[in-house]
Amino acid sequence: MQKITDLFYRFLEILLILLLAGMAIMVFGNVVLRYGFNSGLNVSDELSRYFFVWLTFIGAVVAFREHSHLGVESLVAMLGRKGRVACMILSNLVIIVCSAIFFWGTWVQLPINSSMVAPVTGLSMAWVYGVGFFTGGGCVLISLERLIRLVTGRVTEDEIAAFTGENLTIEQMAERT
């Protein structure tokens, strides 16, 4: 099961690379067309915005899995193991609530988004903003899995260290500042 999960996240990382590359190519191509030939592609502007939305929301799930989001590590690092586990439980509960609200909000907004189309491509806006299902659902699933392992005592010391930021190298810490 872990191999399938790792493969899925590898696919997401490749998708993120493709979205970023597509966005960069479209924007660069449009700049060249506008300044060099006094023309441009409207579809390029629109699609690059949508790629950016998907890039951001898919990247949030990948970053969450890798413990790359911001945290108050200095406070948690002062606590003992039980305090850290309690903070992890509380943190995951808050994330589950917020992500579930985000998922539900996407669901409520879906009929409105489905009735609207993008001005240039004619793409249903449900495809653009539907990424909220992936992000909300993905974060809930990751948090639930972490919470179950925390409550059942199967959390490893490496995971606790990742939560508190103690597993970072000097280079990684320098990147965060």
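Heads up: the structure comes first, above all this text.
Residues numbered from 1 in each chain as written. Predicted model: local features only at pLDDT ≥ 70, side-chain atom pairs only at ≥ 80, totals over all residues. Heavy atoms only, no water.

Chemist: When you look at the packing of helix α2 (residues 42-65) against helix α6 (residues 131-151) in this model, what are you seeing that I'm missing?
Modeler: Angle between the axes and distance between the axes are the two parameters that describe a pair of packed helices. Contact geometry for α2 and α6: axes closest at 9 Å, N-to-C directions at 5 degrees. Here α2 is positioned roughly parallel relative to α6, judged by the angle of their axes. For the pair α2 and α6, the contacting residues are Val53, Trp54, Phe57, Ile58, Val61, Phe64 and Arg65 in the first and Val131, Phe134, Thr135, Gly138, Cys139, Ile142, Ser143 and Arg146 in the second. Partitioned by chemical class, the residues of the contact of α2 with α6 number ten nonpolar, three polar and two charged. (Axes fitted to C-alpha atoms, helices over the stretch in contact; angles between N-to-C directions. Helix = DSSP H or I, 4+ residues; strand = E, 2+ residues; numbered from the N terminus. Parallel < 35°, antiparallel > 145°, perpendicular 65-115°, else oblique. Contact = heavy atoms within 4.5 Å. Nonpolar A, V, L, I, M, F, W, Y, C, P; charged D, E, K, R; others polar.)

Chemist: Any chance you could explain the packing of aromatic side chains here in plain terms?
Modeler: Each aromatic ring pair is described using two quantities: the centre-to-centre distance and the angle formed by the ring planes. This model, assessed by the stated rule, comprises five aromatic pairs. Here phenylalanine 8 and tyrosine 9 contribute two aromatic rings whose centre-to-centre distance is 5.5 Å and whose plane-to-plane angle is 75 degrees, an arrangement assigned as edge-to-face. Between the aromatic rings of tryptophan 107 and phenylalanine 133, the centroid separation amounts to 6.1 Å while the plane-to-plane angle is 65 degrees, which identifies the pairing as edge-to-face. Remark: phenylalanine 133 occurs in helix α6 and tryptophan 107 occurs in helix α4 (residues 81-114); sequence separation between them is 26 residues. Cluster of aromatic residues (ring-pair linked, three or more members): Phe8, Tyr9 and Phe134. (Phe/Tyr/Trp six-rings, centres within 6.5 Å; stacked < 30°, edge-to-face > 60°.)

Chemist: Please explain the environment of glycine 40 as it appears in this structure.
Modeler: On the secondary structure map, glycine 40 appears in the loop between α1 (2-37) and α2. The class of glycine 40 is partly exposed, set by a relative accessible area of 32%. With 13 residues separating them in the primary sequence, glycine 40 and valine 27 have C-alpha atoms 10.0 Å apart. Those residues in contact with glycine 40 that sit more than four places away from it in its chain are Asn30, Leu33 and Arg34. (Buried < 20%, exposed > 50% of the residue type's maximum accessible area, 1.4 Å probe, protein only.)

Chemist: Can you walk me through the packing of α4 against α6 in this structure?
Modeler: Taken N-terminus to C-terminus, the directions of α4 and α6 make an angle of 155 degrees; their axes are 8 Å apart at the nearest point. As summarised for this structure, α4 and α6 are arranged roughly antiparallel, according to the angle between their axes. In this structure, α4 crosses over α6, and the sense of that crossing is left-handed. Its residues assigned to classes, the contact of α4 with α6 shows 17 nonpolar, eight polar and one charged. (Left-handed = near helix turned anticlockwise from the far one by under 90°.)

Chemist: So what exactly am I meant to see when it comes to a nonpolar patch on the surface here?
Modeler: Together, Val27, Val31 and Tyr35 give the surface a local cluster of nonpolar side chains, amounting to about 340 Å² of exposed area. By secondary structure assignment, the location of tyrosine 35 is in helix α1. (Patch = residues over 30% accessible without salt bridge, like charges linked within 9 Å, V, L, I, M, F, W, Y side chains within 5 Å. Areas by Shrake-Rupley, 256 points an atom, 1.4 Å probe, with all protein chains shown as cover. Salt bridge = Lys/Arg side-chain N within 4 Å of Asp/Glu carboxyl O.)

Chemist: Explain the nonpolar core here, please?
Modeler: Soluble, globular proteins show a tendency: their nonpolar side chains are buried together. Ranked by size, the top nonpolar core spans 13 residues in total, and within it Tyr9 and Ile58 carry the most contacts. With residues up to four places along the chain from it excluded, the contact list for tyrosine 9 reads Val61, Val62, Arg65 and Ile142. Listed in part, the five residues of the second largest apolar core include Val85, Leu150, Val155 and Ile160. (Core = buried A, V, L, I, M, F, W, Y, C linked by side-chain atoms within 4.5 Å.)

Chemist: Please explain α2 as it appears in this structure.
Modeler: A turn of α-helix holds 3.6 residues, and therefore any two residues three or four places apart point the same way. Helix length check: α2 (24 residues) gives 36 Å between terminal C-alpha atoms against 34 Å at 1.5 Å per residue, within 8%. Listed in full, the buried residues belonging to α2 are Ser44, Glu46, Ser48, Tyr50, Leu55, Ile58, Gly59, Val61, Val62, Ala63 and Phe64. On the buried face of α2, the contacting elements are α1, α4, α5 (125-129) and α6. Just downstream of α2 lies histidine 67, where phi reads positive at about 60 degrees. (Expected span 1.5 Å × (residues − 1).)

Chemist: Please clarify how the pattern of salt bridges should be interpreted in this entry.
Modeler: Any two side chains of opposite charge can pair, on the condition that their charged atoms come close. Taken as a whole and assessed by the stated rule, the structure comprises six salt bridges. Ionic pairing is found between arginine 34 and aspartate 45, a salt bridge with its closest N-O pair at 2.7 Å. Placement of the pair is arginine 34 in helix α1 and aspartate 45 in helix α2, with a sequence separation of eleven residues. Judged by its relative accessible area of 40%, arginine 34 is partly exposed. A relative accessible area of 27% places aspartate 45 in the partly exposed class. Salt-bridge contacts for arginine 149 lead to glutamate 145; the nearest nitrogen and oxygen are separated by 2.5 Å. Residue arginine 149 and its partner glutamate 145 are both found in helix α6; the two are separated by four residues, about one turn of the helix. Relative accessible area serves as the criterion here: at 16%, arginine 149 is assigned to the buried category. According to the relative accessible area criterion, glutamate 145 is partly exposed, its value standing at 39%. One continuous salt-bridge network, built from bridges that share partners, spans Glu145, Arg149 and Glu159.

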